[in-house]
Amino acid sequence: MITTLTLNPAVDKTSVVAGLTFGGLNRVQETMQSPGGKGINVSKALTRLGTNTLVLGISAGDTGKWIERYLQEKNIPYDFVQGSGQTRTNLKVFDQSTETITEFNESGSPVDRKMIDEIIQKARQYAEQSEFLVLGGSVPAGVREDIYSELISSLKDKVKIVLDADGALLAQGIEASPCIIKPNVYELEKLFNRKLESEEEILACGKTLLRKGIAKVVISMGAAGSLLVSDEGCYKVLPVKVPVKSTVGAGDSMVAGFLHGLSRGRKVAEALRLAAACATAAVMTEGSETFAVEVLESVLPDIQVQEV
Ligand SMILES: Nc1ncnc2c1ncn2[C@@H]1O[C@H](COP(=O)(O)OP(=O)(O)OP(=O)(O)O)[C@@H](O)[C@H]1O
Ligand SMILES: O=P(O)(O)OC[C@@]1(O)O[C@H](CO)[C@@H](O)[C@@H]1O
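All values reported here derive from a predicted model rather than from experimental measurement. (Residues numbered from 1 in each chain as written. Chains lettered and ligands numbered in written order. Predicted model: local features only at pLDDT ≥ 70, side-chain atom pairs only at ≥ 80, totals over all residues. Heavy atoms only, no water.)

A. Structural context of the side chain of Glu-187. You can see Glu-187 is positioned in helix α6 (residues 185–192). Although Glu-187 is buried, it forms no salt bridge, and the closest oppositely charged side chain is Lys-182 at an N-O distance of 4.8 Å. If we ignore the near neighbours within four places in the chain, the residues touching Glu-187 are Asp-164, Ala-165, Asp-166, Leu-170 and Lys-182. (Helix = DSSP H or I, 4+ residues; strand = E, 2+ residues; numbered from the N terminus. Buried < 20%, exposed > 50% of the residue type's maximum accessible area, 1.4 Å probe, protein only. Lys, Arg positive; Asp, Glu negative; His and termini not counted. Salt bridge = Lys/Arg side-chain N within 4 Å of Asp/Glu carboxyl O. Contact = heavy atoms within 4.5 Å.)

B. Region of interest: the packing of aromatic side chains. All chains considered together, the criterion is met by two aromatic pairs. A ring pair is formed by Trp-66 and Tyr-70, whose centres lie 6.4 Å apart and whose planes are at 35 degrees; its orientation type is tilted. Of the two residues, Trp-66 and Tyr-70 are both situated in helix α2 (residues 61–73); the distance of four residues between them amounts to about one turn of the helix. Looking at Tyr-70, the relative accessible area reads 11%, which means it is buried. (Phe/Tyr/Trp six-rings, centres within 6.5 Å; stacked < 30°, edge-to-face > 60°.)

C. Quick look at the site of ligand 1. Near ligand 1 there are 21 residues, and of these Lys-182, Asn-184, Ser-220, Gly-222 and Gly-251 occur at the shortest range. Between ligand 1 and the protein, one listed contact pairs an oxygen atom with a side-chain N or O atom of Asn-184 at 2.8 Å. Between Asp-252 and ligand 1, the recorded distance is 3.5 Å, taken from a backbone N or O atom to an oxygen atom. Relative to its free-state accessible area of 630 Å², ligand 1 is covered by the protein chains to the extent of 85%. Counting only elements with at least two residues in the shell around ligand 1, the list comes to α8 (250–263) and α9 (268–283). Here the shell around ligand 1 gets four residues from one element, more than from any other, and that element is α8. Residue classes in the shell around ligand 1 are distributed as ten nonpolar, eight polar and three charged. (Near = heavy atom within 4 Å. Polar contact = N/O pair within 3.5 Å; in protein donor to acceptor, adjacent residues only side chain to side chain. Areas by Shrake-Rupley, 256 points an atom, 1.4 Å probe, with all protein chains shown as cover. Nonpolar A, V, L, I, M, F, W, Y, C, P; charged D, E, K, R; others polar.)

Right, dumping it as structure tokens:
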């Protein structure tokens, strides 16, 4: 089983506009709603791939209940701590003319230490039955920036930990040596506090992270593809040009594909190929809904992985 933890889930509301006008009226052509937050997206994609998963997190108010109903309908098991206020709503605006997404992520209702202790308890409870524990996304107000580092330190002997976070959460988490991380280039630049202009520079950063005890660093580069720096070699995935419907959650689908591959005993290069195929299929899917298996199968032959 692969367990995911989302401390700051969201209802992702995607609005489609023909062309985004700043400071003016935008007529929305279509609106979609889907449960989001990085861990939840990973679990949605894993379920699509046929891998058992469990969603942990904090759910609050009517929006939290809406997410719970969705997970029930999709037969995705979950065990949430009940928070106060409302689970946040994140607005994503897709501009058809440029095929780009503009995101407005709320901060999430504050959470107190008691809720965090409860969630740590749950993570500990499920760790031993899990092959991987995915820690993903931002944290709501009231949660300390060393939360992931705390979780990694206390659970990494029981379960392989995957971290997908940003800023201080990522920086501090890395110090506790998770097994796998999946930064995008922007997150890597923030981590190393400099612009990364070339593949060589990105690979060098990945190798620095490997020396800190991380076994696998999956680096997503948006339309430019992805890189893997790992204890089993370094690989790159060549970019694939596809019609873009939404890039939201592409990185989460990538994590799901990679873990699904590893959990089925695939070599890292093959797991990376599956990861990139899942991400590509996600990009071709509207809103932050996960990909359809037929789309995944149709893109898989186009994914090329090269050793670097
Ligand atoms: N415009 C695009 N065209 C083709 N593939 C894309 C595009 N954007 C993303 N991808 C695919 O999705 C993968 C992950 O994308 P990205 O680097 O944007 O992840 P991310 O920033 O973690 O996303 P998120 O946090 O929204 O999940 C890329 O490595 C690539 O395979
Ligand atoms: O605000 P965070 O927690 O950093 O990111 C949250 C989020 O943007 O990430 C997912 C895509 O990866 C979305 O489902 C969700 O809205």
